[in-house]
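Coordinates in review
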Amino acid sequence: MTKLCDFRTEKIREAGATSQAAHEQWKAAKAARIHIKGLLEQMAPGRVRCMYCLDNQGTDIDHFEPKARTPLRTFCWDNHVLACSYCNSNVKRDLFPCDPATGACLLIDPTVDDPADHLKLLLKSGELKWRTSKGRRSIEVFGLNRPMLRQGRADACGVFISEIVRWHDQVRLGKVEAATRTAVRLRQSGFPDVLRTLEGVAGTPLASVLEDRYFPEALAAWVAIPNCQRVIPSMRAGHTVTLSAGS
Ligand SMILES: [Zn+2]
């Protein structure tokens with residue numbers, strides 16, 4: 001596949017490295033597109049979620065740095081992001097703001113950056129606040145505070161709290177398979193950023209003010225064991241129960 005991508009890049013170069021050449025080669029490279037999309041789907045969060053909004057299904061290959069801007073990066077692996085059609089075609093489009101002084105991109109690159117370094121999620125409202133200029137421009141360009149996403153994050157927060165409490169009950173009762181199913185459901189849900197933020201409040205006063213009075217204890221148990229032991233039913237199931245029960 002690397003050779004095929006190199007071949008296509010060479011074709012773009014031979015045609016003058018124009019935006020049109022990049023577009024034509026990308027459109028013609030069906031095999032490469034299928035392969036790239038398959039790899040991106042394996043890396044996407046949850047049930048193949050969009051890497052920008054973390055909500056909708058990822059259906060499109062987006063060129064993080066637009067083809068029109070850098071035609072020779074059309075087939076670069078690290079320039080491909082799995083996005084939903086809405087984020088790709090209606091929101092980000094060909095936007096790619098850069099720092100005028102340094103030339104550095106002012107968008108969070110999901111393949112490189114940790115969004116938590118640039119954004120802070122308010123659990124109750126679902127709103128994202130920016131920590132850095134990169135976070136600020138990303139909220140604008142990706143439309144990360146559009147009402148559907150804010151409401152979706154707030155709703156997801158309530159669901160995650162209930163599901164973590166349910167998981168903890170199942171673990172304490174020794175219902176290993178049920179607990180594993182709950183854990184899988186949690187891991188495959190949209191808005192993994194909400195779950196990650198919730199995990200970050202474990203052991204802090206904020207865990208106590210969230211709706212469910214059983215949540216702080218359940219959350220402490222949830223974060224105390226490695227991810228893989230929460231979701232793989234066959235992995236030392238009995239041992240996992242002992243570890244997870246926390247008592
Ligand atoms: Zn999206």
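None of the values given here were measured: they were computed from a predicted structure.

Quick notes on the rules
Residues numbered from 1 in each chain as written. Predicted model: local features only at pLDDT ≥ 70, side-chain atom pairs only at ≥ 80, totals over all residues. Helix = DSSP H or I, 4+ residues; strand = E, 2+ residues; numbered from the N terminus. Buried ≥ 20, exposed ≤ 12 C-beta atoms within 10 Å, placed from the backbone. Domains from an automatic or database assignment. Contact = placed C-beta atoms within 7 Å. Nonpolar A, V, L, I, M, F, W, Y, C, P; charged D, E, K, R; others polar. Axes fitted to C-alpha atoms, helices over the stretch in contact; angles between N-to-C directions. Parallel < 35°, antiparallel > 145°, perpendicular 65-115°, else oblique. Left-handed = near helix turned anticlockwise from the far one by under 90°. pLDDT = per-residue confidence, 0-100. Pairing = 2+ DSSP bridges. Core = buried A, V, L, I, M, F, W, Y, C linked by C-beta atoms within 7 Å. Arc of directions from axis to C-beta.

Some remarks on the environment of Asn-88
With respect to the secondary-structure elements, Asn-88 resides in helix α4 (residues 85-92). Residue Asn-88 is classed as buried on the basis of its 20 C-beta neighbours within 10 Å. Sequence separation between Asn-88 and Glu-199 is 111 residues, and the spatial gap between their C-alpha atoms is 29 Å.

Let's talk about the domain arrangement of the chain
When its domains are assigned, the chain resolves into domain 1 (1-93), domain 2 (97-145) and domain 3 (148-245). Facing 9 residues of domain 2, the contacting portion of domain 3 comprises 11 residues. Along the lines of polarity and charge, the residues of the side of domain 2 that touches domain 3 split into 4 nonpolar, 3 polar and 2 charged.

Section: the packing of helix α6 (residues 147-172) against helix α8 (residues 192-200)
Viewed as axis vectors pointing N to C, α6 and α8 meet at an angle of 55°, and their least axial separation amounts to 9 Å. When the interaxial angle is binned, α6 and α8 end up oblique. Every pair of crossing elements has a handedness; the one defined by α6 and α8 is right-handed. Between α6, through Arg-153, Ala-156, Cys-157 and Phe-160, and α8, the contact on the second element is made entirely by Val-194, Leu-195 and Leu-198. Class assignment of the residues belonging to the contact of α6 with α8 gives a composition of 6 nonpolar, no polar and 1 charged.

Structural notes on the confidence of the model for the chain
With 90% of its residues at a pLDDT of 70 or more, the chain has an overall mean of 88. Across the chain, element-level confidence peaks in strand β4 (residues 128-130) with a mean pLDDT of 97 and bottoms out in helix α12 (residues 237-245) with 33. Note on residues 232-247: pLDDT is under 50 here. Beyond four places in sequence and across chains, it has 23 contacts.

A word on the pairing of strand β2 (residues 80-83)
Every second residue of β2 is oriented toward a common face, with His-80 and Leu-82 on one face and Val-81 and Ala-83 on the other, all of them buried. Taken together, the 4 bridges between strand β1 (residues 60-63) and β2 define a ladder with antiparallel strand orientation. Opposite Ile-61, over in β2, you have Leu-82 as the bridge partner.

Observations concerning the nonpolar core
Judged by nonpolar contacts, the single largest core of 39 residues is most densely connected at Cys-50, Ala-83, Phe-160, Ile-164 and Val-194. Elements that contribute at least two residues to this core include exactly β2, β3 (119-121), α6, α7 (176-188), α8 and α10 (215-224). The element best represented in this core is α6, accounting for 9 residues. For Ile-164, the residues in contact, after removing those within four places along its chain, are Phe-215, Ala-218, Leu-219 and Trp-222.

Topic: α10
Residues of α10 that are buried include every one of Phe-215, Ala-218, Leu-219, Ala-221 and Trp-222, and no others. Buried positions in α10, seen along its axis, are confined to an arc of 160° and lie on one side of it.

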